[in-house]
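# Observations on the model geometry
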Amino acid sequence: MNLRISEFNIKLNGDFDDRTILSLKNYEVSEFEGNIDLEITYISDDNIVLNKNEFIGPYKMWYFKETEFGFEMAKFADGVDNALSHVIMDTNKGIATFKNWDISSLINRELYYMLFFGISEIYSYFILNKDAIMFHSSSIIYNDKGICFSGKSGTGKSTHTSLWKKYYDVEVLNDDSPTLKINDDGVYACGSPFAGSTGINTNKVVPLKGIVFLEQAKENSIKKLSQKEAYLRFFNETKKPVMKNYIQKTIDIFGKIYASVPMYVLSCNISKEAVDLVIKTLECENNA
């Protein structure tokens with residue numbers, strides 16, 4: 001299966017389940033223009049023997065180990081000798097081998113939850129080497145530009161973007177984790193199939209106009225963030241392996257984004273006034 005996600009050419013090899021293929025379908029291309037950026041080969045394997053002590057973690061249920069050519073990541077389960085999943089990633093060549101033990105019949109859960117979200121993890125860690133990052137936010141397209149609304153779970157990201165849809169002509173780019181990509185001409189917000197529990201996403205790439213961190217409040221107010229203030233919020237909402245060089249990559253990417261894209265904290269209630277405050281602020285920023 002050939003995919004074009006966030007301007008990256010991704011090739012999938014292996015016998016993937018129907019639901020995973022369907023979830024990726026909107027990003028399928030018949031052939032690539034240019035070279036393959038990432039090739040993922042899936043192998044079903046019920047005998048994945050690994051030494052858990054060689055890995056660090058867990059982080060988001062995965063354990064990690066740096067290697068000469070990239071890294072390995074694995075999933076383990078208590079009371080089970082073999083690993084559930086194992087990924088060997090060659091970041092220089094953009095090649096990942098993804099082994100997975102199909103235990104769907106034992107836990108009464110679709111194989112999709114192992115494969116689709118495994119692909120998501122591989123993708124998110126690979127793109128850190130390409131000046132791109134998955135950013136936990138609900139993102140919209142407004143006047144052909146991207147705006148990301150981020151914050152801790154439960155702060156109302158999807159609720160806020162629904163207000164934009166109610167009052168203005170907007171489209172949801174990705175309701176959970178858009179890709180932010182740094183190109184020579186600026187920072188772009190990119191749709192991807194990896195969109196959390198709602199799965200709402202659009203296969204588009206648009207210039208990123210602003211990042212807004214949400215906080216619940218009775219009255220609406222907005223404040224532009226200093227680099228230090230923005231960094232603390234941004235870092236917590238990114239997906240990265242718990243390895244020193246990838247933490248540094250995340251810091252470097254943040255610096256490049258902050259230099260080009262304004263970041264704010266919006267204290268808000270559920271009202272049109274909150275939406276209009278963001279619009280006015282970004283318009284003033286653009287005209288400054």
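Residues numbered from 1 in each chain as written. Predicted model: local features only at pLDDT ≥ 70, side-chain atom pairs only at ≥ 80, totals over all residues. Heavy atoms only, no water.

## Some details on the overall build of the protein chain
To keep it simple, the criterion reads: Only runs of H or I of at least four residues qualify as helices and only runs of E of at least two qualify as strands under DSSP, and these elements are numbered from the N terminus. When we talk radius of gyration, it's over C-alpha atoms, and the globule rule is simply 2.2 Å times the number of residues to the 0.38. Working definition: with a 1.4 Å probe on protein chains only, accessible area under 20% of the residue-type maximum means buried, over 50% means exposed, and in between means partly exposed. The contact rule is simple, with two residues in contact once any of their heavy atoms fall within 4.5 Å. Methods summary: accessible areas were calculated by the Shrake-Rupley approach with a probe of 1.4 Å, and residue burial reflects only the protein chains presented.
From N to C terminus, the protein chain includes seven helices and 17 strands. Taking 19 Å as the expected radius of gyration for a compact globule of 288 residues, we find that the protein chain reaches 20 Å, a close match to that expectation. Principal axes of the C-alpha set define a box for the protein chain whose edges measure 60 × 40 × 40 Å. Buried positions account for 49% of the 288 residues belonging to the protein chain. The contacts of the protein chain with a sequence gap of at least 6 include a subset with a gap of at least 24, amounting to 66%. As presented, the protein chain carries roughly 14,100 Å² of accessible surface, and 46% of it is formed by carbon and sulfur atoms.

## Remarks on the packing of helix α5 (residues 227-236) against helix α6 (residues 244-260)
Stated formally: In this analysis an axis means a line fitted to C-alpha atoms, helices contributing only their contacting stretch, and an angle means the value between N-to-C directions, from 0 to 180 degrees. Comment on the angle field: the value is read as roughly parallel under 35 degrees, roughly antiparallel over 145, roughly perpendicular from 65 to 115, and oblique elsewhere. It is the rotation of the near helix from the far one that decides the hand of a crossing: anticlockwise by less than a right angle makes it left-handed, clockwise makes it right-handed.
Running from N to C, α5 and α6 cross one another at 130°; their axes reach a closest spacing of 11 Å. Here α5 is positioned oblique relative to α6, judged by the angle of their axes. The two elements α5 and α6 cross, and the hand of that crossing is right-handed. Here Q227, A230, Y231, F234 and F235 of α5 come into contact with α6, specifically with I247, T250, I251, F254, G255, I257 and Y258.

## Section: the pattern of salt bridges
Short version of the rule: Here, a salt bridge means any Lys or Arg side-chain nitrogen found within 4 Å of an Asp or Glu carboxyl oxygen.
Using the criterion set out here, one finds 13 salt bridges in the structure. Between D45 and K99 there is a salt bridge; the shortest N-O distance is 4.0 Å. One end of the pair, D45, is in the loop between β3 (38-44) and β4 (56-59); the other, K99, is in strand β8 (residues 95-100), with 54 residues separating them in the sequence. Exposure remark for D45: the relative accessible area of 18% places this residue in the buried category. The class for K99 is partly exposed, based on a relative accessible area of 29%. Here D131 and K256 are joined by a salt bridge, their closest N and O atoms 3.0 Å apart.

## A short note on the environment of S137
Within the secondary structure layout, S137 lies in strand β10 (residues 137-142). Given a relative accessible area of 0%, S137 falls into the buried group. When the C-alpha positions of S137 and A195 are compared, they lie 9.6 Å apart, and in sequence the two are 58 residues distant.

## Comments concerning the nonpolar core
Buried together is how nonpolar side chains tend to be arranged in soluble globular proteins. Put simply, the test is: To define a nonpolar core, start from buried Ala, Val, Leu, Ile, Met, Phe, Trp, Tyr and Cys residues and group those joined through side-chain atoms within 4.5 Å.
Of all hydrophobic cores here, the largest spans 58 residues; its most connected members are I10, I40, L180, I211, F234 and I257. For this core, the element with the most residues is helix α3 (residues 112-126), which contributes eight residues. Apart from residues no more than four positions distant in its own chain, I10 is found in contact with M1, N2, L3, I5, F32, L38, I40 and Y123. Membership of the second largest hydrophobic core comes to 17 residues, among which are I140, V212, Y264 and A274.

## Structural notes on the sheet that holds β8
Condition: At least two bridges found by DSSP between two strands are what make those strands a pair.
Pairing is mixed in the open sheet, where eight strands are placed in the order β1-β2-β3-β8-β7-β6-β5-β4. Here the strands that pair on one side only, and so sit at the sheet edges, are β1 (2-5) and β4. Neighbour to neighbour, the strand axes of the sheet diverge by 20° on average, direction disregarded. Relative to β3, strand β2 (residues 8-13) runs parallel, the two being bridged by four bridges. In the sheet register, I10 faces β3, and the bridge partner there is L38. Strand contacts of α3: β1, β2, β3, β4, β5 (62-66), β6 (70-75), β7 (85-90) and β8, with the helix running at about 150° to β8, the strand carrying the most contacts.

## Considerations on α3
To keep it simple, the criterion reads: What a helix should span is 1.5 Å times the count of its residues minus one.
Look at α3: 21 Å from first C-alpha to last across 15 residues, which is about the 21 Å you get at 1.5 Å a residue. The element α3 is extensively covered by neighbouring structure, given that 13 of its 15 residues are classed as buried.

## Overview of the state of the cysteines
Short version of the rule: In plain terms, two cysteine sulfur atoms within 2.5 Å form what is called a disulfide here.
Overall, the coordinates contain zero disulfides when judged by the stated rule. C190 forms no disulfide, and the closest cysteine sulfur to it belongs to C148, at a distance of 9.7 Å.

## A word on the packing of aromatic side chains
Defined as follows: Only the six-membered ring of Trp is used, alongside the rings of Phe and Tyr, when aromatic pairs are assigned; centres must lie within 6.5 Å, and planes under 30 degrees apart are stacked while those over 60 apart are edge-to-face, with the rest tilted.
Here the structure, examined in full by the defined rule, presents 23 aromatic pairs. Seen from their ring centres, F16 and Y42 are 5.3 Å apart, and the 35° between their planes marks the pair as tilted. Of the two residues, F16 is situated in the loop between β2 and α1 (18-24) and Y42 in strand β3; the sequence distance between them amounts to 26 residues. Just as F16 is buried, Y42 falls in that class too. Clustering of aromatic rings is evident, with ring pairs tying together F135, F213, Y231, F234, F235, F254 and Y258.

## Topic: the pairing of β5
As paired elements, β4 and β5 share two bridges and run antiparallel to each other. Across the sheet, Y59 pairs through a bridge with W62, a residue of β5. As judged from the four bridges shared by β5 and β6, these two strands associate in the antiparallel manner. Within the sheet, the bridge partner assigned to E66 lies in β6 and is F71.

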